[in-house]
Structures are given as C-alpha cells and as structure tokens.
Amino acid sequence: MDRRLGRLRSWQGLRTVAGQVFVLQVFIILVLVAAAVAALLLQSRTDAEREARNRTLAVASAVASSPSVVQALGEPKPTAALQRQAEQTRARSGVDFVVVMSVDGIRYTHPNPAQIGRHYIGSITEARHGGVVTETTTGTLGRSVRTVVAVRDPSGKIVGLVSAGITVKRVSVAADRQAPLVLTATALVLAAATAGSALISRRLRRQTHGLGPAQMTRMYEHHDAVLHAVREGVLIIDRQGRLLLANDEARRLLDLGADVEGRPVDSLGLEPRAERLLLAGTTATDRVLKVGTRLLAVSQRPMEAQPGPGGSVTTLRDTTELSALVGRVEVVQERLSLLYEAGLRIGTTLNVTRTAEELAELAVPRFADYVTVDLADAVLRGEEPNLANIAELRRVALHGVREGTPLYPIGELIHFDPSTPQATGFGSGRMVLEADMAAFSGWQVQAPDRARALVASGIHSMIAAPLRARGVILGVATFWRSREPTPYDQEDLSVAEELVARAAVSIDNARRFTREHATAVALQRSLLPHALPEQSAVEVAHRYLPAEAGLGGVGGDWFDVIPLPGARVAIVVGDVVGHGLHAAATMGQLRTAVHNFSTLDLPPDELLWHLDELVTRIDQDRDDENGDTPTLTGATCLYAVYDPVSGRCAMARAGHLEPLLVHPDGRARLAGVPAGPPLGLGGLPYEKAEIQLPPSSSIVLYTDGLLEERQRDIDESIERLRGVVAHAGRTPEQMCQAVMDALLPTAPRDDVALLVARTRLLDGDRTALWQVESDPAAVSGVRACVSGLLHDWGLDEEAFTLELILSELVTNAIRYATGPITVRVIRDRTLICEVSDGSSVSPHLRRAAGMDEGGRGLFLVAQFADRWGARYTPEGKVIWTEQQLPGGQ
C-alpha cells in the first residue's frame, strides 16, 4: 500500500512545474549524450573508410611503380614472377589482397591461385586511361575498399593494372577499442547531470507550491487581462461592501483614484443609484446608469455559489455617443487609408500620363464617382506650362464608376472658360468647390448642353483641385460626385488637397524626367551615326533602341563602322556605364576618340590601350571639378578590323561581351577574343585575336542591354542568342530582325545596340602584288606592270597619276628603307596603292626650298592622291594612297 501511494505521489509530482522541468532536463541530457556517441561512431567509421582508401592507394601505387613489376609484365608468363611478390606485399602492408592484372583486367596474381587468369571484378575503365579508381563494396567479408592504378613502362605507356583491397573492419579495430571507455564516461556524465537536475527540481517545487505550469500561466494571464487589457470595467466587492478590485477601465469610467481598493463603496462618491446597485450585490444585466457625464451599461453577478469570501462581480460598458463615434472613426480611418495608399500607388512610374491615371484610379469610388485630370501640353513634353495659355488643357485621364458620361474624352484639348472652376483653380492655384451643380451658378458657361447632360446623369457636386508642385501649376484634377447623395463639403476639400498635392509632386517628377530623357535621347541620337558609310568590306545591318523612360533612362551604348585604308573596315560597339545626359555625352567623347585613333591605323589592342588612357584622364579631370559632377566609373568597347583582301579579322575587347561568329553554313560560335578590363581601370594590357573568316561569314556585335533578363544569367542569354543567329542564308537585316523579335525585352532597362556585319572578299582580279628589288632600276619595271594592270581594268586615265605616285613611293623605299619592298594595288570604290617596306621610320611631308635637291616626293604624292597615309605593321610600315575612280567604280 505504501508503494502505491509513493508511485501516485511521484506521478502527481511529474505534473507540476518542477517535475516537468526535471523530465525536460533529463531528456535534453539524454539527447546530447546520444548525439555525442553517434557523432563519435560516425566519425570513427568515416576515418576508417578514409584510412582504407589511403592505404589501398599507397599499396597499389607502390606496386605499380616497382621496376620489377614493370619488367615482369613484359615477360610471356608474368604470374611466376609476380605472385610471390604480390603476396609478400599483401602480408607486409596488412591489406586483404594485391592483384596485378593486364590492361584488359586478366588477373596475374591473387591470394586464391584459383582466381588467377580470370577477369577482375570491378571498375577499371578510368585506370586503363591513366586515372585512379577507388570504390567501396560490400561482400562476404563485410564492407571493403579497393583501389586500381595503372602501371606504366619507362616510356609512359600503360602496360598493366594493380589493385589493392582491404576491409573497413580491419582498419576500424582501434576505434572499437575506445567504445567501452566512451560508454563509461557517458554513463558518469548522465548520472551527474541527472542528480543536479533532481536538486534543481526539488527547490523549484517548493517555490511554486506544487502548481502545474498551465495553472500558473492561466492565473497570471487572467489577472493581467482583467486589470489592464479588458476594455470593460470590472469591480469585485466583498460581502462587507468593500472594493476588492478595480481594473484600469473601471477606474477611468468611474473616475476612481489610485488608492480605492479596500475602501467601502459608499465612500467612493458614486451616483446614488449606482452605489445602491453595487452594495445590493443582486443580479443585473445591461442596466443603464448615468455616472457623471457617461451612460454606463452595468451587469452584476453574485459570487455566493463560488468558493471564497463571497461578494459580487460587476462589469461596466460606456455607451455614450457610441454610434456617432464609430461612424466618425470609420470616416477618418477611410480617409487616412486613402491618403496612405496615395503615397504607395501614385508615382510608381516616371510617366506623366500614367501618374495622372493612377490618381484617377485611386480616388474612384472611395472619394469620387468620376475623376478627370487635365494637364498643359507643355507638361506632357517635359516643359513648364506657358502662362499665356493657362486655361487650355488636355485631358489625360478619365476614370469613373461607369462609362458613357458626358465628360470630355481622353485626349481632348479643352479651352476652359475663365468662369469655370477648372480655369479659376488653374489660374489662382486655389481649390474650388461647386457643391450644387444643379444651381448652374456659372460653371456651365463652358458648354451649356454638356453641363445639363452632366446634371441629368446624376453628377451633383465637384471639386476642382489645381496640381501645384514646386510653385508651378501643372494642371487641374476634378472630382465629381453622383452616387453619394451628400455634396462635397469643406472637410472633403482637405482630402482632395492632400491627394492632388501628392500626385502633383509625382507628376512633376515625371515631367522633369521626361524632359531629361528627351534631352538625353536627342543628344544621344545626334552623337550616333545617322547613316553608315559606304564600303565594300562588309554588308552591315544594325538596330538601336534607347532604354525605356522611367526604367533605366538613356544610356551610353554606341556602334560605328569606320572605313580604313586598304579597303579595310573597323567595326565598333561600346557601352558607357550609367544613364542620362552624362552617359550620352561621355559616349560622344569616346566615339569621337575612336574615330581619331582609327585614323592612326592602330591595331585593335593598341587602340583600346589609348582609349583606356583617355577614359582615365576624363575621370581625373572630373574628379578635380566640383563634387556635383559624377565621375565615369567605366566603359566597355569592342574594336574589330576586317581586311577583305586577306579575309582576316583582328579583334580586341575591353570588358565587353564576346561577339558571335556565324559561318556560311549556319554554325554559330563565340569568337574567342581574350577578355580585357573595362576602360578606365588603367595599367592592364589588352590582347587581340586574329581570325580567318570565310566569305559570307557574319560577325554579331551587341551590348548587354539585349541580354539582361532577371530569369536568366548572362551565359544562358548568350546561348539563347547563339541559337537565334545560327541559321544559314539569312541577310544581316533578317538576322537583326530575328534577334530583336526573340530577345528584346518589352521594356528594356538599358540601351540595346546590335550590329551584324557579313564579310566579303575582294575578287582576285581586283588586287595585284609585286615584290620589288632594292635597286632603282626596278622602279621602271614595276611602273610598267602597274600600267598594264590599269589598262586591263579600263583605268587608263588614272595610270599616269598612279605611275607618278608609285615612282615616288618606291624610290623613297629603295633609298631610305630596308627590304623587302612590296607593291600592292587594289581596285575597290577607290584605286588603292600600297608600298610596304621593312623600316618603321615614318615619312614626313614638307615643302622643299628652291635650292633643295630632295623633299618634293611626298609633296607630289599628297597633291596627286585624294588621300594618303602610313600605317605600321609587325614587319615595318605601309605607305598608302587612294584615288577616286570615275563614277564610283
């Protein structure tokens, strides 16, 4: 019997706070101990497997690198020489088996001689190619690890394979020996922690008097709720008529002081009727009593049936002006919510028209049944309104509870009469309220028939609110009411004023952005090429689209096609970091710089190096100015030079995306141009790539705005672009259109520039090349060959001029330069003559004096040639001239 009572007490003890804390502590200790043991065992197993892998790899590698093994594998019967050595190695290393096999997996050795000559069971494919195969298997002996490595002869040829294996159990013996020690330590820790938890629980049981957690929590929550959180007054009165408890709401409703608890009810100074009810302690439900200026609904219940000192409990509710208060609160909350949403929903874009539409959509039907927004035309263009036409506005937004009203439609240019509320508000900047439109007090002068139709449709009052921002009136928003029977009043004017004030700032921001965007677009288009120059090297098609206004703004993307001497052409695409006027202006600087550098006929990598220095200087100059000017953080550029005579294209890029090459058969691939740092970083070299292009190949150059998508990374977008252009037989124009249709975002956040250039090769009969000996007598022979060539081309009239130019250039090369000397003549849109030599000394044009014996050669060349110049090559330099052909042949 005593045992049963002890067990019952123990069970009841577990239901207390102290008992549950004890159980929780013991449980946590058990979980931690179990986790520690499991982690140790898992770590032991992992270490055993790692040790097994390392040991088998070391044994297999040692056997494979043994010269005797290599020698034995070359003999007709390797088993005789290898079996004993393999078994000795297995015994010394402690592994379970060492197997030497052929490249095809035929065993030469095995601990079981019966297995010699059979195929090795396991994977050897990677080892046959020089790799290492390590695999874990489970067999009759348990879990084991085996490693296979290749055996190479002195020449590096794989002549066989070696496999070593060991069971994990053999390696994990040391860890198993530690298990008893770990379990003993765990038991001691568990016992000590349990004893400590028991002492803590015993002390906690005395502190809580044996209460359970739910009872204690409920008691304190109810007590605090009654005192502070309940929105009804609560009074507890004992049998002697003393106030035992009064919560915060009861103190407020009865105007009780802080020291009322314990005092008699008749000493609190209450109304006689309320005092008699409280002292009687009888049952009452929602009895309305007047206490001071308040009407209280009193409910009371006696506590005689409950254990305790007895008495009564009374609740109080204030019903004074409850309905009126609720109505006013709802109206205020609705207006506050409307103004709060106005800050969130108006001005989400930098578009003037869309901002006006957002104002109209927000106000209907919560504040008005119809909303119209009229703006000056100048605002739509990004300009400030013209005060000379203050009453001429264009309707840009109309929204209402239904369609078909007689209001002016969207897009209508309205000339408001000075007597109308719209004209008055626009001219004065003040709100105008027309509470009773049916009285026709003058607002109908604008259009009497339309005014009568408006009143007939049910519209009875309106508010004309001018849209003022930063001291400028941009237009008028008109709120019309029809369904709500009460007209607009003065309180509605304040709400309308708040709405239009927030909308006006957003419209003005959109107007300013529209002006800046239009200016940037105009500047950018003026700096971009209006028409690409005529040339014979490539057939070009291009697309350019500035960023959508309000999303990113105009950026600094540009493209160009620049004819170069020798019928060559330079193709350029670039992108300036940033948006707006600053980016557009910087783009113009860089485009001009590329044109200037291209006249020097520099290789692409050298040109980008000069351009990088220029960008660095631009940054330094801007840093020296005031801090309001943003510094250029970088730009990207890709510069390519294509020679239609040789079909070679040299490219270099500075931080720009790699171009795509589309072969005539439709295969598309990246050009393989080495990446270089963006312009403006300075100090880092650029590398160029030279590619031989077959005729009718296409070079696709683009900027990152074409590929920017949040759902894809840049590599996926490039692969998608490659798939779009990988089609044979397309013209550059068709290729551009296909790319824009497939990849162009609906609203690009960055400028999009795309340029497709299809290469051409000049026919062999349009070029000629001669090697010239370093002998003045060779000049006449070259001159004769060129004269005959021009005769064959039907250019006899240009022969004399070209012979004169050729004589001077070849003579100068023979006299002042080193060999080899080469003459090349090209018939393109112009007649091109190139004389190359091995000297890097640049010729200088000067006017010879009357007594000078030389100095007139280049002067004559400059007089007779339409254009001339020099460019440098790795072998020396080239002096070139161009002559216009009759009719642009």
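A quick note: this is a predicted structure, and the numbers were derived from the prediction, not measured. (Residues numbered from 1 in each chain as written. Predicted model: local features only at pLDDT ≥ 70, side-chain atom pairs only at ≥ 80, totals over all residues. Heavy atoms only, no water.)

Peer 1: How should the overall build of the chain be read in this particular structure?
Peer 2: Helix and strand counts for the chain come out as 24 helices and 30 strands. Relative to all contacts within the chain whose residues are 6 or more apart in sequence, the contacts with residues 24 or more apart total 61%. With an accessible surface of roughly 45400 Å², the chain has 54% of that area assigned to carbon and sulfur atoms. (Helix = DSSP H or I, 4+ residues; strand = E, 2+ residues; numbered from the N terminus. Contact = heavy atoms within 4.5 Å. Areas by Shrake-Rupley, 256 points an atom, 1.4 Å probe, with all protein chains shown as cover.)

Peer 1: How should the side chain of glutamine 422 be read in this particular structure?
Peer 2: Along the polypeptide, glutamine 422 turns up in helix α15 (residues 421–428). Looking at glutamine 422, its side chain comes within polar contact range of the side chain of threonine 478, at 3.3 Å. Setting aside residues no more than four positions away along its own chain, glutamine 422 makes contact with Phe416, Met462, Ala464, Val476, Thr478 and Trp480. (Polar contact = N/O pair within 3.5 Å; in protein donor to acceptor, adjacent residues only side chain to side chain.)

Peer 1: Sorry, what's going on with the pattern of salt bridges here?
Peer 2: Oppositely charged side chains can form a pair if their charged atoms are brought close together. Counted under the stated rule, the structure contains 34 salt bridges. For arginine 354, the salt bridge identified is with glutamate 361, shortest N-O distance 3.2 Å. Residue classification places arginine 354 among the partly exposed positions, given a relative accessible area of 30%. A salt bridge links glutamate 733 to arginine 543; the nearest nitrogen and oxygen atoms lie 2.5 Å apart. Taken together, the residues glutamate 733 in helix α21 (residues 732–743) and arginine 543 in strand β16 (residues 538–545) connect sequence positions 190 residues apart. We classify arginine 543 as buried; its relative accessible area is 18%. Beyond isolated ion pairs, a larger network of salt bridges with shared partners links Arg568, Asp601, Arg824, Glu834 and Arg871. (Salt bridge = Lys/Arg side-chain N within 4 Å of Asp/Glu carboxyl O. Buried < 20%, exposed > 50% of the residue type's maximum accessible area, 1.4 Å probe, protein only.)

Peer 1: Help me understand the nonpolar core in this model?
Peer 2: Nonpolar side chains in soluble globular proteins tend to end up buried together. Phe367, Val373, Leu467, Phe479 and Leu499 are the most contacted members of the largest nonpolar core, which totals 48 residues. Mapped onto this core, the elements with two or more residues apiece are α12 (322–345), α13 (352–363), β10 (370–375), β11 (392–400), α15, β14 (461–469), β15 (472–481) and α17 (490–527). No other element matches the 9 residues that α17 contributes to this core. Counting 30 residues, the second-largest nonpolar core is a separate cluster that includes Val772, Leu802, Val823 and Ile879. (Core = buried A, V, L, I, M, F, W, Y, C linked by side-chain atoms within 4.5 Å.)

Peer 1: Explain the sheet that holds strand β13 (residues 432–434) to me, please; I cannot follow it from the model alone.
Peer 2: In any sheet, the strands associate via hydrogen bonds between backbone groups, in a parallel or an antiparallel arrangement. Strand order across the open sheet formed by 6 strands is β12-β11-β10-β15-β14-β13, with antiparallel pairing between neighbours. Among the strands making up the open sheet, the edge pair consists of β12 (413–415) and β13. Each neighbouring strand pair of the sheet contributes to a mean axis angle of 30 degrees, computed without reference to strand direction. Relative to β15, β14 is paired through 9 bridges, and the arrangement is antiparallel. For arginine 468, the partnering residue across the bridge sits in β15 and is isoleucine 473. Strand contacts of α13: β10, β11, β14 and β15, with the helix running at about 45 degrees to β11, the strand carrying the most contacts. Against the sheet, α15 touches β11, β13, β14 and β15, its axis set at about 150 degrees to β15. (Pairing = 2+ DSSP bridges. Axes fitted to C-alpha atoms, helices over the stretch in contact; angles between N-to-C directions.)

Peer 1: Before we go on, may I ask you to explain the packing of aromatic side chains in this structure?
Peer 2: Where two aromatic rings form a pair, the distance of their centres and the angle of their planes describe that pair. The final tally for this structure, using the stated rule, is 4 aromatic pairs. The interplanar angle of 35 degrees and the centroid separation of 5.5 Å between the aromatic rings of phenylalanine 367 and tyrosine 488 together place this pair among those described as tilted. In this pair, phenylalanine 367 is assigned in the loop between α13 and β10 and tyrosine 488 in the loop between β15 and α17, connecting sequence segments 121 residues apart. The burial state of phenylalanine 367 is the same as that of tyrosine 488; both residues are buried. (Phe/Tyr/Trp six-rings, centres within 6.5 Å; stacked < 30°, edge-to-face > 60°.)

Peer 1: Whenever I open this one, α13 confuses me. Can you help?
Peer 2: Each full turn of the α-helix corresponds to 3.6 residues, which orients residues three or four apart in the same direction. When the terminal C-alpha atoms of α13 are compared, their 17 Å separation across 12 residues agrees well with the 16 Å that a helix rising 1.5 Å per residue should span. Looking only at α13, the buried set comprises Val352, Thr355, Ala356, Glu358, Leu359, Ala360, Leu362 and Ala363. For α13, the capping residue at the N-terminal end is asparagine 351, with a side-chain oxygen 3.1 Å from the backbone nitrogen of threonine 353. (Expected span 1.5 Å × (residues − 1).)

Peer 1: Mind showing me how you'd approach the environment of alanine 567 here?
Peer 2: Assignment of secondary structure puts alanine 567 in the loop between β17 (556–563) and β18 (569–576). As a C-alpha pair, alanine 567 and proline 644 span 77 residues in sequence and 6.9 Å in three-dimensional space. Residues within four places of alanine 567 in sequence aside, it is in contact with Ala537, Pro644, Leu762, Ile826, Asp828 and Ile832.

Peer 1: For this particular structure, what's the right way to read the pairing of β14?
Peer 2: In the case of a regular strand, side chains alternate between the two sheet surfaces. With respect to burial, β14 is a largely interior element, 8 of its 9 residues being buried. As judged from the 3 bridges shared by β13 and β14, these two strands associate in the antiparallel manner. By the bridge assignment, valine 432 is partnered in β14 with alanine 464. Counted between consecutive antiparallel strands, the loop separating β14 from β15 contains 2 residues, among which arginine 470 sits at a positive phi close to 55 degrees.

Peer 1: Please explain the pairing of strand β24 (residues 698–702) as it appears in this structure.
Peer 2: For β24, the buried fraction is high: 5 of the 5 residues fall into the buried class. Inspection of the sheet shows β24 paired to strand β25 (residues 752–759) by 5 bridges, in the antiparallel sense. Bridged to leucine 701 within β25 is leucine 755.

Peer 1: Explanation requested: unusual backbone geometry in the structure shown.
Peer 2: One can expect most non-glycine residues to show negative phi and most peptide bonds to be in trans. A cis amide bond, omega 0 degrees, links valine 364 with the succeeding residue proline 365. For proline 365, the position within the fold is in the loop between α13 and β10. Here arginine 470, not a glycine, exhibits a phi torsion of approximately 55 degrees, which is positive. Residue placement: arginine 470 occurs in the loop between β14 and β15. We note that aspartate 601 has phi near 55 degrees; this positive angle belongs to a residue other than glycine. When you line up the elements, aspartate 601 lands in the loop between α18 (581–599) and α19 (604–624).

Peer 1: Explain the environment of valine 725 to me, please; I cannot follow it from the model alone.
Peer 2: Topologically, valine 725 is positioned in helix α20 (residues 714–725). Between the alpha carbons of valine 725 and arginine 667 there is a distance of 8.7 Å; along the sequence they are 58 residues apart. In this structure valine 725 touches Leu660, Val662, Ala668, Val700, Arg730, Met735 and Val739, once residues within four positions along its chain are discounted.

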